[in-house]
Amino acid sequence: MLTDFLTVSRVRMLARYELSLEANRQPALRASLVLGGRGLRRMATALVTRLGSDDPPRHARMLVAFCDGVLFDALAGAGSGQLPTEAELVGDLRELLTAMCPLE
């Protein structure tokens, strides 16, 4: 999903960042943005729950924030000159999820 957002859906993601900034000035837009993000957060919560998280809401928030940070950095931030490879993204996510949800 991250690879798609960084490549095929790049323009859509940049538009999302523009809308996120505009939403700070328009409450109705903010409400729509928050509503749209709930589905992703539900999926993240379900994932970390299946992986054995002892605090699914917090770990889901951390996972979403990590993904948003990677996307922003690669598309509009200081890292925009060098997109992470799919292998790097998989490794980073594996490391994050393993730290949050260690196998017992």
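Analysis parameters
Residues numbered from 1 in each chain as written. Predicted model: local features only at pLDDT ≥ 70, side-chain atom pairs only at ≥ 80, totals over all residues. Heavy atoms only, no water. Helix = DSSP H or I, 4+ residues; strand = E, 2+ residues; numbered from the N terminus. Buried < 20%, exposed > 50% of the residue type's maximum accessible area, 1.4 Å probe, protein only. Polar contact = N/O pair within 3.5 Å; in protein donor to acceptor, adjacent residues only side chain to side chain. Contact = heavy atoms within 4.5 Å. Expected span 1.5 Å × (residues − 1). Arc of directions from axis to C-beta. Core = buried A, V, L, I, M, F, W, Y, C linked by side-chain atoms within 4.5 Å.

From N to C terminus, the protein includes 5 helices and 0 strands. When the helices and strands of the protein are listed from N to C terminus, the series reads α-α-α-α-α. When the backbone C-alpha atoms are referred to their principal axes, the protein occupies close to 45 × 30 × 20 Å. Expressed as a percentage of the 104 residues in the protein, the buried residues total 28%.

Examined against the element boundaries, Ser53 turns out to sit in the loop between α3 (27-50) and α4 (56-75). Under the relative-accessibility criterion, Ser53 is labelled buried at 11%. Within polar-contact distance, the side chain of Ser53 engages the backbone nitrogen of Asp55 at 3.0 Å. In this structure, Ser53 is in contact with Val48, His59, Met100 and Cys101, ignoring residues within four places of it in sequence.

On to helix α2 (residues 10-23). In this model α2 runs 20 Å from its N-terminal to its C-terminal C-alpha over 14 residues, within 8% of the 20 Å that 1.5 Å per residue would give. Three or more residues of α2 are buried, namely Met13, Tyr17, Ser20 and Ala23. Seen from one end, α2 has its buried residues packed into an arc of 125°, which puts them on one side. Residues of α2 that are exposed and point more than 90 degrees away from the buried face comprise Val11, Arg12, Glu18 and Leu21. Residues of α2 that are buried in the fold lie against α1 (2-6), α3 and α4.

Our focus in this paragraph is the nonpolar core. Across soluble globular proteins, nonpolar side chains have a tendency to be buried as a group. In this structure, Leu6, Met13, Val48, Leu63, Leu71 and Met100 are the most contacted members of the largest nonpolar core, which totals 20 residues. At the level of elements, α1, α2, α3, α4 and α5 (86-100) are the ones that each hand at least two residues to this core. Looking at this core element by element, the count peaks at 8 residues for α4. Discounting chain neighbours no more than four positions away, the residues touching Leu63 are Ala44, Leu47, Val48, Leu93, Leu96, Leu97 and Met100.

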